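Below are the chains, spelled out letter by letter.
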Amino acid sequence: MLDHVGFAVSDANASKRFYEAALAPLGITLLMTVPAEENGSGGTAYGFGKDDNPFFWVGDNERVGEGTHVAFRADTRGQVDAFHKAALAAGGRDNGGPGLRPNYGPNYYAAFVYDPDGLNIEAVCHAPG
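Quick caveat: nothing in here was measured; it's all calculated off a predicted structure.

S.K.: Go over the packing of helix α1 (residues 12-23) against helix α2 (residues 77-89) with me, naming the residues and quoting the values.
M.R.: At a minimum axis distance of 7 Å, the contact between α1 and α2 shows a crossing angle of 150°. Taken together, the axes of α1 and α2 lie roughly antiparallel to each other. Pair α1 / α2 crosses with right-handed handedness. Note on element contacts: α2 touches α1 through F83, A86 and A87, opposite F18, A21, A22 and L23. Taken together, the residues of the contact of α1 with α2 break down into seven nonpolar, no polar and no charged.

S.K.: Talk me through α2; I want residue IDs and the actual numbers.
M.R.: Across its 13 residues, α2 extends 19 Å between first and last C-alpha, which sits within 8% of the 18 Å expected from 1.5 Å per residue. Those residues of α2 not exposed but buried are R77, Q79, V80, F83, H84, A86 and A87. Looking at the buried positions of α2, the neighbouring elements they touch are α1, β6 (93-94), β7 (99-100), β8 (109-114) and β9 (120-125). Just beyond α2, the residue with positive phi is G91, at close to 110°.

S.K.: For the nonpolar core, give the residues involved together with the corresponding values.
M.R.: With 27 residues, the main nonpolar core has F7, Y19, L23, F56, F83 and I121 as its most contacted residues. Of all the elements in the fold, those that place two or more residues in this core are β1 (5-8), α1, β3 (45-50), β4 (53-59), β5 (69-73), α2, β8 and β9. Here this core takes five residues from α1, the largest share from any one element.

S.K.: Please give an account of the sheet that holds β1 that cites residues and values.
M.R.: Adjacent strands of a sheet form backbone hydrogen bonds with each other and so pair up, either parallel or antiparallel. With mixed pairing, the four strands of this open sheet are ordered in space as β1-β4-β3-β2. Of all the strands in the sheet, the pair left with one neighbour each is β1 and β2 (29-34). Within the sheet, the average angular offset between the axes of one strand and its neighbour, ignoring direction, is 25°. Across four bridges, β1 lies against β4 in parallel orientation. The residue bridging A8 from the neighbouring strand is G59, located in β4. Sheet contacts for α1: β1, β2, β3 and β4; angle to β3, the most-contacted strand, approximately 10°.

Definitions and cut-offs
- Residues numbered from 1 in each chain as written.
- Predicted model: local features only at pLDDT ≥ 70, side-chain atom pairs only at ≥ 80, totals over all residues.
- Heavy atoms only, no water.
- Axes fitted to C-alpha atoms, helices over the stretch in contact; angles between N-to-C directions.
- Helix = DSSP H or I, 4+ residues; strand = E, 2+ residues; numbered from the N terminus.
- Parallel < 35°, antiparallel > 145°, perpendicular 65-115°, else oblique.
- Left-handed = near helix turned anticlockwise from the far one by under 90°.
- Contact = heavy atoms within 4.5 Å.
- Nonpolar A, V, L, I, M, F, W, Y, C, P; charged D, E, K, R; others polar.
- Expected span 1.5 Å × (residues − 1).
- Buried < 20%, exposed > 50% of the residue type's maximum accessible area, 1.4 Å probe, protein only.
- Core = buried A, V, L, I, M, F, W, Y, C linked by side-chain atoms within 4.5 Å.
- Pairing = 2+ DSSP bridges.

Everything listed here is a matter of geometry and, on its own, says nothing about what the molecule does.
This is how it looks when you write it as structure tokens:
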């Protein structure tokens with residue numbers, strides 16, 4: 001289980017807008033903003049999560065990571081579909097539409113998108129049908 005994941009982005013405000021839209025179908029919202037003056041990196045950081053637990057962070061003023069990937073767990077396959085649609089509408093690029101990925105597991109239903117910086121973002125549901 002992950003406590004939180006964070007990575008650097010080229011434009012924190014653009015990424016904030018993208019993730020607010022793309023993660024809304026999964027029930028994940030913006031919970032915290034840490035301004036540059038209070039952030040050790042010198043850039044603004046945005047924390048997204050559920051139930052007062054910000055577990056996903058993006059921030060600027062650092063070098064954008066290479067090969068970064070994060071998977072968000074969805075409760076239903078419908079949420080995976082909604083994530084994919086919302087992410088594309090928010091400016092993401094398709095990296096694998098919603099569907100079963102049996103090579104990852106018999107009920108592994110996922111969708112993949114590239115965010116505004118080209119980072120590979122996934123939503124996955126492990127529930128059967």
